[in-house]
Amino acid sequence: MKTLLKKIVGNKNDRDVKKLRLKVAAIREKEETYASFTEDDLKAKTNEFRGRVADGETLDDILPEAFALVKIACRLMCGRSFDVKGHPQPWDMVPYDVQLIGGMVMHQHKIAEMSTGEGKTLVATLPVYLNALSGLGVHLVTVNDYLASRDAQWMGYLYGSLGLTVGCIQHDMRPSERREQYGADITYGTNSEFGFDYLRDNMARDKEEMVQRGHNYAVIDEIDSILIDEARVPLIISGPVPDSTHHYDEYKPRVERVVKKQRDQVSRLVKEAQVAIKDEDDELAMRLLYQIFHGMPKQKQFLHMLEDATARNLHEKIESQMLTDTRKEEARDLREELFFNIDEKQHDVMLTDKGCLEMDPSNPDTFVMPDLVAIMAEIDQST
C-alpha cells in the first residue's frame, strides 16, 4: 500500500519539483512579454523591480518576472564575445527549464546538486539577480581567487546589462578597496576572504573601519568543498594586545607568592581531612574536603584520597549540600578562607578578599585582578 501511494503522489522531491515546474510555466509567460526588450528596457525593468521591492512587494512575488528578465538578457548577449581574463569568451548561454528550477531551489536557501558542465555558474545568476533587487547586497562565495575574479568579470557582463554593479574581493586588496567592492550590488569572493573580513569587522573600533555592509544573501559555489572540507581549517585572526607586557612581569611574582601560600594551606587541610576521616568526624571532614576541592582540585594527595569510597562519598555529599539555600552562606565563608577559588567547569580563578590583600597589601580594595588562569598555567608548567 505504501509503495502504491508513493507511485501515485511521488516522494517529497518529486512533489517539490512539480510545484517549481508551475513557476517555470509562469516564467515562460513573462518571457514572451519581454521578447522585444532592448538593453535599456532591461535596466528600466530592474529599476521598476527595485521600486516594487522597496514598496513592500516580496521577492517571491517578483521571481517569475525577474527570472524571465535574466533569460531575455542572456538571449540578447548570445552571438557576442566578451573579454574574460584576457581571452575572448563567446556568450551562448540561455537558462534551460532545469536551470530555472535550480535557481529557484537556491533562492529557497536549499542545495541544488548539479554535475560539472550543467551550467552552475549561469544558474547562480538567477537567484543572485533576484536577491540583489533588495539593494542590501549579495555575496557569491567561490573556492579560489581565480574563479572569483573570472566569474565576476564573465557574469558581470550579464549583470551590467541588467543594471547591476559587480565587485570582487581579492587577497591583496586594501581595506578601502574592499569597502568599495562590498558596496556593489553583487560581490564575488572566496570563503576565507569573506570570513576574514567578517572577523576584522568585529575587531574594528568604529564603523568607518568596517568593510562589509551587512549579510543579506549568499550563494555558495561547490558547497560541499566550502562547508565541509574548507570548514575544517579554522580562520584565526589576532589583534593588538590592549595592555603592555609589563603588567605580566609585575603580576607574575605576586601570583607565584599567592599560589605557594595556597598550596601550603591546602596541604595542611588535606592532612586535617585525613585525620577527620580516620576519626569518623564526617562534618569536619566534609568542610575540609570542600575547601580543598575549591582551593586546589588537582592536588595529588586529594586525588589519592578520593580513590577511597568513604572520602569520595563525603566529597560528593558536601558539594551537593553546599548548593542548597541553607548552606550557601557557609559555603561562601569556607571559600573566603582561601586565597583564591578555582572553578574547573568554567576554567576560572577568582581571588578572595584574603587573596587581594596578599596580592596588593597597600590597596586591596581597588586591586585589579590579572589573568590568573594564564599566569597559573605557566607557573604549573615551570614547576
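Above this text sits the structure in question.
Attention in this report is confined to the structure presented alongside it. Since the structure is predicted, the reported quantities are computational estimates derived from the model, not experimental observations. (Residues numbered from 1 in each chain as written. Predicted model: local features only at pLDDT ≥ 70, side-chain atom pairs only at ≥ 80, totals over all residues. Heavy atoms only, no water.)

As for a negative patch on the surface
Then, in step 1: On the surface, Glu113, Glu222, Asp224, Asp229 and Glu230 cluster together into a negatively charged patch.
Then, in step 2: Along the chain, aspartate 224 turns up in helix α10 (residues 223-229). (Patch = residues over 30% accessible without salt bridge, like charges linked within 9 Å, V, L, I, M, F, W, Y side chains within 5 Å. Areas by Shrake-Rupley, 256 points an atom, 1.4 Å probe, with all protein chains shown as cover. Salt bridge = Lys/Arg side-chain N within 4 Å of Asp/Glu carboxyl O. Lys, Arg positive; Asp, Glu negative; His and termini not counted. Charge placed at Lys NZ, Arg CZ, Asp CG, Glu CD. Helix = DSSP H or I, 4+ residues; strand = E, 2+ residues; numbered from the N terminus.)

Details of the packing of aromatic side chains
Then, in step 1: Across all of its chains, the model carries 6 aromatic pairs by this definition.
Then, in step 2: A centroid spacing of 6.5 Å and a plane angle of 85 degrees characterise the contact between phenylalanine 82 and tryptophan 91, whose relative ring orientation is edge-to-face.
Then, in step 3: Residue classification places tryptophan 91 among the buried positions, given a relative accessible area of 2%.
Then, in step 4: Ring centres of tyrosine 182 and phenylalanine 194 lie 6.0 Å apart, and the angle between their planes is 50 degrees; this geometry places the pair in the tilted category. Here tyrosine 182 is found in helix α8 (residues 175-182), whereas its partner phenylalanine 194 is found in helix α9 (residues 191-203), with 12 residues between them in sequence.
Then, in step 5: Aromatic rings pair up to connect Phe82, Trp91, Trp154 and Tyr157 into one cluster.
Then, in step 6: For lysine 354, the ring lying beneath its charged end belongs to phenylalanine 339, and the centroid distance is 4.5 Å. (Phe/Tyr/Trp six-rings, centres within 6.5 Å; stacked < 30°, edge-to-face > 60°. Buried < 20%, exposed > 50% of the residue type's maximum accessible area, 1.4 Å probe, protein only. Lys NZ or Arg CZ within 6 Å of the ring centre and 35° of its normal.)

Some words on the nonpolar core
Then, in step 1: Core analysis: the biggest nonpolar cluster contains 55 residues, and Trp91, Tyr129, Leu133, Leu158 and Tyr188 have the highest contact counts within it.
Then, in step 2: Counting residues per element, this core draws most heavily on helix α4 (residues 59-77), which supplies 12 residues.
Then, in step 3: Setting aside anything within four residues of it in sequence, one finds leucine 158 in contact with Val70, Ala73, Cys74, Met77, Trp91, Leu122 and Thr125. (Core = buried A, V, L, I, M, F, W, Y, C linked by side-chain atoms within 4.5 Å. Contact = heavy atoms within 4.5 Å.)

Some thoughts on the pattern of salt bridges
Then, in step 1: Scanning the entire structure with this criterion turns up 21 salt bridges.
Then, in step 2: Between aspartate 325 and lysine 328 there is a salt bridge, with the nearest N and O atoms lying 3.7 Å from each other.
Then, in step 3: Judged by its relative accessible area of 68%, aspartate 325 falls in the exposed class.
Then, in step 4: Linking arginine 327 and glutamate 330 is a salt bridge whose minimum nitrogen-to-oxygen distance equals 3.0 Å.

As for helix α14 (residues 309-321)
Then, in step 1: Along its 13 residues, α14 runs 18 Å from first to last C-alpha, staying within 8% of the 18 Å computed at 1.5 Å per residue.
Then, in step 2: When we look at burial in α14, the residues that qualify are Ala311, Leu314, His315, Ile318 and Glu319. Buried residues along α14 cover an arc of 130 degrees about the axis, so they all sit on one side. (Expected span 1.5 Å × (residues − 1). Arc of directions from axis to C-beta.)

Some words on empty space enclosed by the protein
Then, in step 1: All told, the structure shown has 1 cavity of 30 Å³ or more when counted by the stated rule.
Then, in step 2: Roughly 40 Å³ of internal volume is contained in the largest cavity.
Then, in step 3: Along the walls of the largest cavity sit Leu136, Gly137, Val138, His139, Tyr182, Ala184, Asp185, Thr187, Arg213 and Gly214, which together make up its complete lining.
Then, in step 4: Split into classes, the residues belonging to the lining of the largest cavity amount to 4 nonpolar, 4 polar and 2 charged. (1 Å grid on protein atoms, 1.4 Å probe; cavity = no way out; pocket = protein on both sides within 12 Å on 5 of 7 lines; lining within 4 Å. Points joined across faces, edges and corners; volume = space filled by probe spheres on them. Nonpolar A, V, L, I, M, F, W, Y, C, P; charged D, E, K, R; others polar.)

Considering the sheet that holds strand β5 (residues 186-190)
Then, in step 1: Overall, parallel pairing links the 4 strands, which are arranged β4-β5-β3-β6 in an open sheet. At either end of the open sheet lies a strand with only one pairing partner, and these are β4 (166-168) and β6 (217-220). Adjacent strand axes in the sheet meet at a mean angle of 20 degrees, parallel and antiparallel pairs treated alike.
Then, in step 2: When strand β3 (residues 138-142) meets β6, the two strands line up parallel, connected through 4 bridges. Within β6, the position partnered with valine 138 by the bridge is tyrosine 217.
Then, in step 3: Along the sheet, helix α7 (residues 145-161) makes contact with β3, β4 and β5, crossing β5 at roughly 160 degrees. (Pairing = 2+ DSSP bridges. Axes fitted to C-alpha atoms, helices over the stretch in contact; angles between N-to-C directions.)

Section: the state of the cysteines
Then, in step 1: Applying the stated rule across the entire model yields 0 disulfides.
Then, in step 2: Cysteine 78 provides the cysteine sulfur closest to cysteine 74, a residue in no disulfide bond, and the two sulfurs are 7.1 Å apart. (Disulfide = S-S within 2.5 Å.)

Overview of the pairing of β5
Then, in step 1: Most of β5 is tucked away: 5 of the 5 residues are buried.
Then, in step 2: Here β5 shows no split at all, with Ile186, Tyr188 and Thr190 on one side and Thr187 and Gly189 on the other all buried.
Then, in step 3: Two elements, β3 and β5, share 5 bridges in a ladder whose sense is parallel. Bridging across to β5, valine 141 finds its partner in glycine 189.

A look at unusual backbone geometry
Then, in step 1: A positive phi is found at lysine 85, a non-glycine position, where the angle reads about 55 degrees.
Then, in step 2: Of note in this structure, glutamate 222 is not a glycine but carries a positive phi near 50 degrees.
Then, in step 3: On the basis of relative accessibility, which here comes to 34%, the residue glutamate 222 falls in the partly exposed class.

Some words on the packing of helix α6 (residues 120-132) against α7
Then, in step 1: Between α6 and α7, the shortest axis-to-axis distance is 11 Å and the interhelical angle comes to 60 degrees. In terms of orientation, α6 and α7 fall into the oblique class. Handedness of the α6/α7 crossing: right-handed. Contacts between α6 and α7 involve Thr121, Leu122, Ala124, Thr125, Val128 and Tyr129 on the former and, on the latter, Arg150, Asp151, Met155, Leu158 and Tyr159. (Parallel < 35°, antiparallel > 145°, perpendicular 65-115°, else oblique. Left-handed = near helix turned anticlockwise from the far one by under 90°.)

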